[in-house]
Amino acid sequence: MQRSAPRLSRILACAAVPVMLVAAGCSSGSDSGDKGSGGPDKAGSTASAAPKATQSTKAVEPARFAKLPEICKAVSSKTVEGLVPKVKNKNGTEATSSDVASRGGCSWNGLEDKGTKGSQYRWLDVSFYRYESDATLGSGQERAAESYAKELAKVQATAGAKKLRTTQTSGVGEQADTVTYQLRKTDEDFQYASVVARTGNVVVLLSYNGAGYAGADTPSDKTISDGAVKAVKEAIAAVAAANK
């Protein structure tokens, strides 16, 4: 049964989920050693050794990447248009960030109205988190690996998710997992694919989802997951390109 245009607009307003960014602390520090001094010799000599100061700094591997790519250009326009039919804004909507050197995000959405055959809705978003090396917290790569594990666990704990499945994804950075699942929203079944990937000291989170309206079929698990992996590969490549 078809829904009226005002009804569909309200549904889409509820379906769109803004990109949410989390803060990534970036600081540096060092460890200091104790000072030592010499004492009098056993013969009771009045001469004494001059004190010597020593200082040691914990060695930490430098962060591999110094900057992030242009966030809304990290996924090509061609790919965006292929994954998000009738995309509202080809340039994407950039998320607000208080530290653009360390984190950023961008999203796209669109609705393809097929008349009596129903409509297809798609949403795509990507977020980047870059970590600096820190003598007390570890290298940027180590910190990113810790963040990767936490972000993957968050996706796997999505409330209300059905048919959730995690697949290790090869050929995407140094680590990548794709989590697919279904969510029931606005009286429709949405198919999701969230990819968590890491390259060096940068973590990339990419989410792609879609639904069929007014009688149209829900997109398949494979369609959504393949699209998400295609987009995240471009996002990962963009990090390396930005740091050449």
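Because the structure is predicted, anything quoted here is derived from the model rather than measured.

**Q** Which residues make up the overall build of the chain, and what values go with them?
**A** If you tally the helices and strands in the chain, you get four helices and seven strands. Scored against the burial criterion, the 244 residues of the chain give a buried share of 44%. Partitioning the contacts of the chain with sequence separation of at least 6, the portion at a separation of at least 24 is 62%.

**Q** Describe the nonpolar core, listing the residues and the values that go with them.
**A** Counting 33 residues, the largest nonpolar core has W108, L124, V126, F128, V204 and L206 as its most contacted members. Looking at this core, the elements with two or more residues in it are α2 (77-83), β2 (103-113), β3 (119-130), β6 (188-199), β7 (202-213) and α4 (221-242). Tallying contributions element by element places α4 first for this core, with nine residues.

**Q** Pulling in residues and values, what's your account of the state of the cysteines?
**A** For the structure on display, the rule yields one disulfide. There is a disulfide in this structure between C72 and C106, and the S-S distance comes to 2.0 Å. With the S-S bond torsion at 105°, the cross-link from C72 to C106 turns out right-handed. With C72 in the loop between α1 (5-15) and α2 and C106 in strand β2, the pair connects residues that are 34 residues apart, well separated along the chain. C106 carries the same exposure label as C72, and that label is buried.

**Q** Give me the lowdown on the pattern of salt bridges, citing residues and values where you can.
**A** This model, assessed by the stated rule, comprises ten salt bridges. Ionic pairing is found between R130 and E132, a salt bridge with its closest N-O pair at 3.0 Å. A relative accessible area of 30% places E132 in the partly exposed class. Ionic contacts of the salt-bridge type, sharing partners, join the residues R64, E174 and R198 into one network.

**Q** Tell me about the pairing of strand β5 (residues 175-185), and please be specific about residues and values.
**A** Of all eleven residues making up β5, eight are buried, and the element is well covered by its neighbours. Sheet analysis places strand β4 (residues 162-168) next to β5, joined by five bridges and oriented antiparallel. Note that in β5 the partner of Q168 across the bridge is D177. The hairpin turn running from β5 into β6, its antiparallel successor, is two residues long, and T186 in that turn takes a positive phi close to 45°.

**Q** Residue-level account of helix α3 (residues 140-156), with values.
**A** In a regular helix each residue adds 1.5 Å, so 17 residues correspond to 24 Å; α3 covers 24 Å between its end C-alpha atoms and thus fits that length. Within the span of α3, buried status applies to G140, Q141, R143, A144, S147, Y148, E151, L152 and V155. The elements touched by buried residues of α3 are β4, β5, β6 and β7.

**Q** Let's hear about the side chain of T180: which residues, and what values?
**A** With respect to the element layout, T180 can be found in strand β5. A polar contact is formed between the side chain of T180 and the side chain of D221, at a distance of 3.3 Å. If near-sequence neighbours (up to four positions away) are discounted, T180 is found in contact with K163, L164, R165, Q191, Y192, A193, D221 and S225.

**Q** Describe the pairing of β7, with residues and values.
**A** A large share of β7 lies buried, amounting to twelve of its twelve residues. Alternating residues of β7 divide into V202, V204, L206, Y208, G210 and G212 and V203, L205, S207, N209, A211 and Y213, and every residue in both groups is buried. Summarising the sheet, β3 and β7 pair through twelve bridges and their orientation is antiparallel. Bridge pairing links F128 to V204 in β7. Both β6 and β7 contribute to a ladder of nine bridges, which runs antiparallel. Considered in β7, the bridge of Q191 is made with G210. What sits between β6 and β7 in their antiparallel hairpin is a turn of two residues, with G200 showing a positive phi close to 60°.

Parameters at a glance
- Residues numbered from 1 in each chain as written.
- Predicted model: local features only at pLDDT ≥ 70, side-chain atom pairs only at ≥ 80, totals over all residues.
- Heavy atoms only, no water.
- Helix = DSSP H or I, 4+ residues; strand = E, 2+ residues; numbered from the N terminus.
- Buried < 20%, exposed > 50% of the residue type's maximum accessible area, 1.4 Å probe, protein only.
- Contact = heavy atoms within 4.5 Å.
- Core = buried A, V, L, I, M, F, W, Y, C linked by side-chain atoms within 4.5 Å.
- Disulfide = S-S within 2.5 Å.
- Salt bridge = Lys/Arg side-chain N within 4 Å of Asp/Glu carboxyl O.
- Pairing = 2+ DSSP bridges.
- Expected span 1.5 Å × (residues − 1).
- Polar contact = N/O pair within 3.5 Å; in protein donor to acceptor, adjacent residues only side chain to side chain.

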